[in-house]
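One-letter residues, chain by chain:
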Amino acid sequence: MNCEVCQLKELKVEHFEIREVLRCILHTIVFHRALGLLRPKDVDLELFEITYVQCGDVELEKKIDEKIDHFVSWVEKHPNKKSQICLSFYEVKSKQPSWFANKTERLYWEQWYVNLNVIQHPKRHSSKSHHTKVVVDPRESANEERSSHRVMVEASLREVLFQIIKFVNEKKDHLPPISEGVIYFPYEITIPSSSDSAFGMDMIKRMLHSGHPTMLS
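Residues numbered from 1 in each chain as written. Predicted model: local features only at pLDDT ≥ 70, side-chain atom pairs only at ≥ 80, totals over all residues. Heavy atoms only, no water.

In the nomenclature of an unreviewed UniProt entry, the protein chain corresponds to Autophagy-related protein 101 from the organism Hibiscus syriacus. Of the protein chain, the UniProt comment under Sequence similarities (unreviewed entry) reads exactly: "Belongs to the ATG101 family." (UniProt positions renumbered as here; feature names shortened; annotations may be inferred.)

Written as structure tokens, this is what we have:
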């Protein structure tokens, strides 16, 4: 089976923005790949002038929030490192049992990579020019930087949302057959492990099971 892969644009965010950004992206992807009857609800972001749609499923929200919590914990242990979350859709297939394998296997048909660069701001101190004796207020400078950063993140997040919509509208041939009564395709969310190499090996194993992926940036 061919696995379509979408590498989403990298977002440069601050630590306090991680949860809102990831909720917006992950819920948008799941909503656009949802099936069956839903009770969608609009969600307004608190940090940005953006509204996105959730499926209105409490259990789904809980699962996504749990993964985001684990990701935030990983970021806190690995500051100043670029990081990635993978949202994978798969179907379960039965296979011939053997002494070393299970009777079922996951065939991944679509993977979304959410790329974040969590930035850390250095502590600022008031500074004074030796020539003019003018004191620079660090709070004023920080407010200007924060405002500029917010505009930049909001614009980048909008680009990512459009990238998601473009992908789901253009990539449809790889979707597996839809079973009656199913609301969601089976999915999983993978975050970096304690070692980056383990995360990379996990991705390689999935690719081997799924076939060679097709990339779309």
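Okay, back to it.
A. Geometry of the overall build of the protein chain. Counting secondary structure elements, the protein chain contains four helices and 10 strands. Taking all 217 residues of the protein chain together, 39% fall into the buried category. Taking contacts inside the protein chain between residues at least 6 apart in sequence as the whole, the part at least 24 apart equals 75%. Accessible surface, the protein chain: about 13,200 Å² in total, of which carbon and sulfur atoms supply 53%. (Helix = DSSP H or I, 4+ residues; strand = E, 2+ residues; numbered from the N terminus. Buried < 20%, exposed > 50% of the residue type's maximum accessible area, 1.4 Å probe, protein only. Contact = heavy atoms within 4.5 Å. Areas by Shrake-Rupley, 256 points an atom, 1.4 Å probe, with all protein chains shown as cover.)

B. Expanded view of the pairing of strand β4 (residues 51–54). Because side chains alternate across β4, one face comprises the buried residues Tyr52 and Gln54, and the other comprises Thr51 and Val53, none of which is buried. Taken together, the four bridges between strand β3 (residues 41–44) and β4 define a ladder with antiparallel strand orientation. Its bridge partner lying in β4, valine 43 is registered against tyrosine 52. (Pairing = 2+ DSSP bridges.)

C. View of the layout of surface pockets. One number sums up the size of the largest pocket: a volume of about 180 Å³. Secondary-structure elements contributing two or more residues to the lining of the largest pocket are α1 (18–32), β4 and α3 (138–170). Of all the elements, α3 adds the most residues to the lining of the largest pocket, at four residues. Its residues assigned to classes, the lining of the largest pocket comprises seven nonpolar, three polar and one charged. In this structure, the second largest pocket occupies an estimated 150 Å³ of space. (1 Å grid on protein atoms, 1.4 Å probe; cavity = no way out; pocket = protein on both sides within 12 Å on 5 of 7 lines; lining within 4 Å. Points joined across faces, edges and corners; volume = space filled by probe spheres on them. Nonpolar A, V, L, I, M, F, W, Y, C, P; charged D, E, K, R; others polar.)

D. Summary view of the pairing of strand β9 (residues 187–190). On β9, burial covers both faces: Tyr187 and Ile189 on one face and Glu188 and Thr190 on the other are all buried. Where strand β5 (residues 82–94) lies against β9, four bridges are found, and the strand directions are antiparallel. Among the inter-strand pairings, serine 88 is bridged to a residue of β9, identified as glutamate 188.

E. Quick look at the packing of aromatic side chains. Evaluation of the coordinates by the stated rule reveals five aromatic pairs. On the basis of an interplanar angle of 25° and a centroid distance of 5.5 Å, the ring pair of phenylalanine 89 and tryptophan 109 is categorised as stacked. Of this pair, phenylalanine 89 sits in strand β5 while tryptophan 109 sits in strand β6 (residues 104–119), and the two are 20 residues apart along the sequence. The exposure class assigned to tryptophan 109 is buried, which follows from its relative accessible area of 0%. An aromatic cluster is present here, built from Phe89, Trp109 and Phe185 joined pairwise through their rings. (Phe/Tyr/Trp six-rings, centres within 6.5 Å; stacked < 30°, edge-to-face > 60°.)

F. Local environment of the environment of serine 88. Within the secondary structure layout, serine 88 lies in strand β5. For serine 88, a relative accessible area of 0% translates into the label buried. When the C-alpha atoms of serine 88 and tryptophan 112 are compared, they prove to be 6.3 Å apart, with 24 residues separating the residues in sequence. There is a polar contact of 3.4 Å between the side chain of serine 88 and the side chain of glutamine 111. (Polar contact = N/O pair within 3.5 Å; in protein donor to acceptor, adjacent residues only side chain to side chain.)

G. A look at the side chain of histidine 149. For histidine 149, the location among the structural elements is in helix α3. Residue histidine 149 is classed as buried on the basis of its relative accessible area, which comes to 8%. Once you skip the residues sitting within four places of it in the chain, histidine 149 turns out to touch Lys12, Val13, Glu14, Glu17 and Ile119.

H. Just the side chain of threonine 28, in detail. Looking at the element boundaries, threonine 28 is found in helix α1. Exposure remark for threonine 28: the relative accessible area of 6% places this residue in the buried category. When near neighbours in sequence (up to four residues on either side) are disregarded, threonine 28 contacts Arg23, Tyr52, Val53, Leu161 and Ile164.

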